[in-house]
Amino acid sequence: MPPTLASLVHHSALKLTVRAGRERLDTPVRWVHASELTDPVPYMEGGELLLITALKLDAEDADAMRRYVKRLVGAGVAGLGFAVGVHYEKIPEALADAAAEEGLPLLEVPRRTPFLAISKAVSAAIAADQYRAVTAGFAAQRELTRQALNDGPEGLLAALASQVDGWAALYDASGAVVATAPEWAGRRAARIIEDVERLRDRPAPASSVVGGEPTNGTDGTGGEDRVELHSLGTGRRSRGALAVGTASAPGTAERYAVHSAIALLTLVTERSRSLYAAEQRIGAAVLRMLLAGQSDHARGVAGDLYGGLLDAPYRMMLAEAASASAGRARARGGADADSGSDSGSDGIDADGVEAASVVLAEAGGDLVGGFVEVAEAAAARSGEAVLVVPDGERRLVVLAADGGAVVTACTRYAHTVGIARSGSEQGTDEDELVVGVSAPAGPIAAGAAYKQAEQALSVARRRGRVLVEHEDVATGSVVPLLADDAVRAFADGLLRALHEHDATGRGDLVASLRAWLSRHGQWDAAAADLGVHRHTLRYRMRRVEEILGRSLDDPDVRMELWLALKATASATAVAGE
């Protein structure tokens, strides 16, 4: 506790006597200041014990003393000390009456007590209070460290809540509540998630105060708490947040406890680089063994870190940073052929696009990094195991439980990125996220799962989509796969001679070939579609064979011609838009 007027009055060496304002002796004293000015208020900050000898005051003028005392009270002065035996043998009644009227504590200072002695007493008391606070802070730090080592973040929050006589909550990087202490604080913590999200948008480290929320304590009484929010992490982006709710502003000891908790939780959420690198090496070894068909060895190496992931079906996801310009070109080429979209952008309103754009802004252009953060945050919240392994400079592999929180969070993140991409009026030169997801698989089928994820990733790149699941590839059409520059170049080369022939006006060979192939070589049906005689159609097909130097009796030739016609039709449709 800081020194109070009462503690100074009870100080045996000072011999102070109370002459007015006895009911306010519990007022804390922030400092001692001696001034003989007739108006010392401009030089006061509030909370001081003002010492005077009334050298320049007309202390016997009742009106002057009322104005003087009223000014001191308005400035927040803790009390007034009057030295007797210097200019006045006793405190003038005018001053004593004015102090009594305003409730200002008035202390009589005997001549044998120098002002310096009072200043030293207050200074020593403040230093002792600060020392006690620091000692208590170090004790709290040791207790918080012990709880963090023994019981993790939950134990640390419980110890912190006890230290500050309030409540505490931990949030992950997405703003979701991870843990609270005591248990009743869960609903209170959930009500300030929007404030946590606003804090997350600010550069770390950041803090804010959310004040005056009516709450109900465990005893059923109502009250208002003051909530401090602090970001966690050492990087540019926050790795989480800590909320601390108290009845009033924390004191020095409580402040030490809060800052110790921030440091410890930062260590917990922002693991050391060496530990993270070690886990990645183990994960890479487990993945190599799975892809090599050594599932038993992989399970043994995984141990408790990844072992649970191999006990149930999992999904393998390949995430890659693709060139934005190339992705947009492929997206334009495959837009008509691809009737589906992972982004779900059809019908998305402006608010949805704006919210998705915020997600991209938070990622800071590193969408693959954001994908990793989403996966790890979901794993931390749900307790699921997740394996994240870099696969080259621009690609990573993620193994997560099928149907679990990690797969759901990653899919939702890709969905959000797709909305923002579709809502963007113009493209950027930043890399874009592309994700391929395998079908559910077990440890013995890791190789097949990797191949499925690669195939899905390839389709996603070709179609200009953010995420494609292997099931979509298996149930979709092969036509969207033709939206590729190399395929179109082949198609143009194969059909160029026919187009040049038709350009001279000597017959419509391309349309005739398309009709004949679409009717599976049925002459009458194809001729009817074209509105010509079947003998005319037969003549045209012979001309096609002569010009191309290929036989239409060969099924491979018919297949190549049909795919070439589909590829050029898709390109023509896009060019016409």
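Residues numbered from 1 in each chain as written. Predicted model: local features only at pLDDT ≥ 70, side-chain atom pairs only at ≥ 80, totals over all residues. Heavy atoms only, no water.

**Q** Can you tell me about the overall build of the chain, naming the residues and giving the values?
**A** When its secondary structure is counted, the chain shows 20 helices and 15 strands. Looking at the chain as a whole, 43% of its 577 residues qualify as buried. A separation threshold of at least 6 residues defines the contact pool for the chain, and within that pool the share at least 24 residues apart is 65%. When the accessible area of the chain is evaluated, it comes to approximately 28800 Å², of which 51% is carbon and sulfur surface. (Helix = DSSP H or I, 4+ residues; strand = E, 2+ residues; numbered from the N terminus. Buried < 20%, exposed > 50% of the residue type's maximum accessible area, 1.4 Å probe, protein only. Contact = heavy atoms within 4.5 Å. Areas by Shrake-Rupley, 256 points an atom, 1.4 Å probe, with all protein chains shown as cover.)

**Q** Help me get a handle on the packing of helix 17 (residues 509-518) against helix 19 (residues 534-548), residues and values and all.
**A** Any two packed helices are characterised by how steeply their axes cross, that is the angle between the axes, and by the distance between the axes. Between helix 17 and helix 19, whose axes approach to 10 Å, the crossing angle comes to 105 degrees. By the criterion of interaxial angle, the relationship of helix 17 to helix 19 is roughly perpendicular. Here Leu 509, Ser 512, Leu 513 and Trp 516 of helix 17 come into contact with helix 19, specifically with Leu 537, Arg 540, Met 541, Arg 543, Val 544 and Ile 547. For the contact of helix 17 with helix 19, a count of residues per class yields 7 nonpolar, 1 polar and 2 charged. (Axes fitted to C-alpha atoms, helices over the stretch in contact; angles between N-to-C directions. Parallel < 35°, antiparallel > 145°, perpendicular 65-115°, else oblique. Nonpolar A, V, L, I, M, F, W, Y, C, P; charged D, E, K, R; others polar.)

**Q** Outline the nonpolar core, supporting the account with residue identities and numerical values.
**A** Nonpolar side chains tend to gather and get buried jointly when the protein is soluble and globular. By size, the foremost hydrophobic cluster in this structure holds 28 residues, and its most contacted members are Leu 290, Tyr 314, Met 316, Leu 387, Val 397 and Leu 399. Residue assignment for this core shows that the elements contributing at least two residues are helix 8 (273-291), helix 9 (295-306), strand 11 (314-322), strand 12 (386-390), strand 13 (395-401) and helix 14 (446-463). When residues in this core are grouped by element, the largest group, 8 residues, is from helix 14. (Core = buried A, V, L, I, M, F, W, Y, C linked by side-chain atoms within 4.5 Å.)

**Q** Tell me about the environment of Ile 547, and please be specific about residues and values.
**A** By the secondary structure assignment, Ile 547 is in helix 19. With relative accessibility at 26%, the residue Ile 547 sits in the partly exposed group. Put simply, Ile 547 and His 501 are 46 residues apart on the chain and 8.8 Å apart in space, counted from C-alpha to C-alpha. Beyond its immediate stretch of four places on either side in the chain, Ile 547 contacts Ala 497, Leu 498, His 501 and Leu 509.

**Q** Could you give an account of helix 14, naming the residues involved and the relevant values?
**A** A turn of α-helix holds 3.6 residues, and therefore any two residues three or four places apart point the same way. Along its 18 residues, helix 14 runs 26 Å from first to last C-alpha, staying within 8% of the 26 Å computed at 1.5 Å per residue. Within helix 14, the full set of buried residues consists of Ala 446, Ala 449, Tyr 450, Ala 453, Ala 456, Leu 457, Val 459, Ala 460 and Arg 463. Just past helix 14, the residue Gly 464 takes up positive phi, approximately 70 degrees. (Expected span 1.5 Å × (residues − 1).)

**Q** Report on the packing of aromatic side chains, specifying residues and quantitative values.
**A** If you walk through the whole model with that rule in mind, you get 4 aromatic pairs. Their ring planes at 55 degrees and their centres at 6.1 Å tell us that Phe 82 and Tyr 88 sit as a pair that is tilted. Taking relative accessible area as the criterion, Phe 82 reaches 0% and is therefore assigned buried. Exposure remark for Tyr 88: the relative accessible area of 17% places this residue in the buried category. Aromatic side chains Phe 138 and Tyr 256 sit 6.3 Å apart centroid to centroid with 45 degrees between the ring planes, which places their arrangement in the tilted category. Residue Phe 138 is found in helix 4 (residues 115-164), and its partner Tyr 256 is found in helix 7 (residues 252-269); the two are separated by 118 residues along the sequence. Look at Tyr 256 and you get partly exposed, because its relative accessible area is 34%. (Phe/Tyr/Trp six-rings, centres within 6.5 Å; stacked < 30°, edge-to-face > 60°.)

**Q** Residue-level account of the confidence of the model for the chain, with values.
**A** Overall, the predicted model of the chain reaches an average pLDDT of 82, with 83% of residues at or above 70. A low-confidence stretch, residues 324-361 stays under pLDDT 50, and its non-local contacts, those more than four residues away or across chains, total 60 contacts. Segment residues 573-577: pLDDT under 50, and 5 contacts once partners within four positions in sequence are set aside and those in other chains are kept. (pLDDT = per-residue confidence, 0-100.)

**Q** Any details on the pairing of strand 4 (residues 79-83)? Residues and values, ideally.
**A** One face of the sheet, then the other: side chains in a regular strand alternate in exactly this way. Across the 5 residues of strand 4, 5 count as buried, placing the element largely inside the fold. Here strand 4 shows two buried faces, one formed by Gly 79, Gly 81 and Ala 83 and the other by Leu 80 and Phe 82. Sheet topology note: the strand 3 (residues 48-52)/strand 4 ladder contains 4 bridges and is parallel. In the strand pairing of strand 4, Leu 51 is matched with Gly 81. The parallel pair strand 3 and strand 4, bridged by helix 2 (residues 62-74), forms a crossover whose chirality is right-handed. (Pairing = 2+ DSSP bridges. Right-handed = clockwise from strand over helix to strand, strands pointing away.)

**Q** Could you give me a rundown of the pairing of strand 13, with the residues and numbers involved?
**A** Within strand 13, 6 of the 7 residues are buried, which leaves the element mostly enclosed by the surrounding structure. Across 7 bridges, the pairing between strand 11 and strand 13 is antiparallel. Residue pairing in the sheet places Glu 320 in a bridge with Arg 395 of strand 13. In terms of strand pairing, strand 12 meets strand 13 through 5 bridges, oriented antiparallel. By the bridge assignment for strand 13, Pro 390 is matched with Leu 396. In this structure, the hairpin formed by strand 12 and strand 13 is closed by a connection of 4 residues, where Gly 392 is found at a positive phi of approximately 95 degrees.

**Q** So, the sheet that holds strand 4: which residues are in play, and what are the values?
**A** Here we have 5 strands laid out as an open sheet, ordered 1-5-4-3-2, and mixed in their pairing. In this open sheet, the two strands that pair with only one neighbour each are strand 1 (17-20) and strand 2 (31-34). Adjacent strand axes in the sheet meet at a mean angle of 30 degrees, parallel and antiparallel pairs treated alike. Judged from the 4 bridges that link them, strand 4 and strand 5 (residues 106-109) form a sheet pairing that is parallel. Among the inter-strand pairings, Ala 83 is bridged to a residue of strand 5, identified as Val 109. Across the sheet, helix 4 lies against strand 2, strand 3, strand 4 and strand 5, angled at about 160 degrees from strand 2, the strand it touches most.

**Q** Explain the side chain of Ser 295 to me, using residue names and the numbers behind them.
**A** If you trace the backbone, Ser 295 turns up in helix 9. For Ser 295, the residues in contact, after removing those within four places along its chain, are Met 289, Leu 290, Pro 443 and Ile 444.

**Q** Lay out the pattern of salt bridges in plain terms, naming residues and giving numbers.
**A** Tallied over the entire structure, the rule returns 23 salt bridges. Ionic pairing is found between Asp 225 and Arg 188, a salt bridge with its closest N-O pair at 3.0 Å. In this pair, Asp 225 sits in strand 9 (residues 222-232) while Arg 188 sits in helix 5 (residues 185-190), placing the two residues 37 residues apart along the sequence. Here Arg 543 makes a salt bridge to Glu 546, at a shortest N to O gap of 2.7 Å. Within this pair, Arg 543 and its partner Glu 546 are both found in helix 19, separated by 3 residues, close to a single helical turn. You can call Arg 543 partly exposed: its relative accessible area is 23%. For Glu 546, a relative accessible area of 53% gives the class exposed. A network of salt bridges, in which partner residues are shared, links Glu 320, Asp 391, Arg 395, Glu 454 and Arg 461. (Salt bridge = Lys/Arg side-chain N within 4 Å of Asp/Glu carboxyl O.)

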